Amino acid sequence: EYARSRCIWTGRLATAAFDQYRSLRDRGRFLAPGSSSSMSWEEVWGKYEAQIVEEECAEEMHILKKKRRWKNKKLDQETLTMRIYMRILERSC
């Protein structure tokens, strides 16, 4: 951010336009003036929730392929929430 502020006006304009393009491409919306291009809390939560649920499904499919018994282990809401919090903390450090 500091390097962008020290750049000449054409460089600042070009980087701002490119940031808007990336936001539109990745999130389907433009950035609000003065807002950050980083992920919102809801986007971070959704990202890690999807990862954890996908890992659970992959584990169950692996068990079925090995012809083991179906464990029918369901992820309750409290366990899922704690795993998401832990994943966010692990990835932020």
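Quick note: structure is the one above.
Residues numbered from 1 in each chain as written. Predicted model: local features only at pLDDT ≥ 70, side-chain atom pairs only at ≥ 80, totals over all residues. Heavy atoms only, no water.

Draft legend 1. Quick look at the overall build of the chain. When helices and strands are counted, the chain shows 4 helices and 0 strands. Counting from the amino terminus, helix and strand elements in the chain follow one another as α-α-α-α. Burial analysis of the chain (93 residues in total) assigns 17% to the buried set. Relative to all contacts within the chain whose residues are 6 or more apart in sequence, the contacts with residues 24 or more apart total 43%. Within the structure as shown, the chain displays about 7800 Å² of accessible surface, and the carbon and sulfur contribution to it stands at 58%. (Helix = DSSP H or I, 4+ residues; strand = E, 2+ residues; numbered from the N terminus. Buried < 20%, exposed > 50% of the residue type's maximum accessible area, 1.4 Å probe, protein only. Contact = heavy atoms within 4.5 Å. Areas by Shrake-Rupley, 256 points an atom, 1.4 Å probe, with all protein chains shown as cover.)

Draft legend 2. Region of interest: the packing of helix α3 (residues 41–65) against helix α4 (residues 77–92). At a minimum axis separation of 9 Å, α3 and α4 run at an interaxial angle of 115°. Between α3 and α4, the angle is such that the two are roughly perpendicular. Crossing angle aside, the handedness with which α3 passes α4 is right-handed. Contacts between α3 and α4 pair W41, V44, W45, Y48, E49, Q51, I52, V53, E55 and E56 from the former with L80, T81, R83, I84, Y85, R87, I88 and R91 from the latter. The class makeup of the residues in the contact of α3 with α4 is 10 nonpolar, 2 polar and 6 charged. (Axes fitted to C-alpha atoms, helices over the stretch in contact; angles between N-to-C directions. Parallel < 35°, antiparallel > 145°, perpendicular 65-115°, else oblique. Left-handed = near helix turned anticlockwise from the far one by under 90°. Nonpolar A, V, L, I, M, F, W, Y, C, P; charged D, E, K, R; others polar.)

Draft legend 3. Region of the structure containing the packing of aromatic side chains. All chains considered together, the criterion is met by 3 aromatic pairs. A centroid spacing of 6.1 Å and a plane angle of 45° characterise the contact between W41 and W45, whose relative ring orientation is tilted. Placement of both W41 and W45 in helix α3 is noted, with a separation of 4 residues, approximately one turn of the helix. Geometrically, the ring pair formed by W45 and Y85 is edge-to-face, given 5.1 Å between the ring centres and 70° between the ring planes. Remark: Y85 occurs in helix α4 and W45 occurs in helix α3; sequence separation between them is 40 residues. An aromatic cluster is built from W41, W45 and Y85, whose rings are joined through pairwise contacts. (Phe/Tyr/Trp six-rings, centres within 6.5 Å; stacked < 30°, edge-to-face > 60°.)

Draft legend 4. Region of the structure containing the side chain of R87. With respect to the helices and strands, R87 occurs in helix α4. In this structure R87 comes out as buried when scored by relative accessible area, which is 10%. Dropping the residues within four chain positions of it, R87 is found in contact with Y48, Q51, I52 and E55.

Draft legend 5. Layout of the environment of R27. By secondary structure assignment, the location of R27 is in helix α2 (residues 9–27). Along the sequence, R27 and E43 sit 16 residues apart, while their C-alpha atoms lie 9.6 Å from each other.

Draft legend 6. Structural context of the side chain of D19. When you line up the elements, D19 lands in helix α2. At a separation of 2.8 Å, a polar atom in the side chain of D19 contacts the side chain of R22. (Polar contact = N/O pair within 3.5 Å; in protein donor to acceptor, adjacent residues only side chain to side chain.)

Take it as geometry only, folks, not as evidence of what the structure does.
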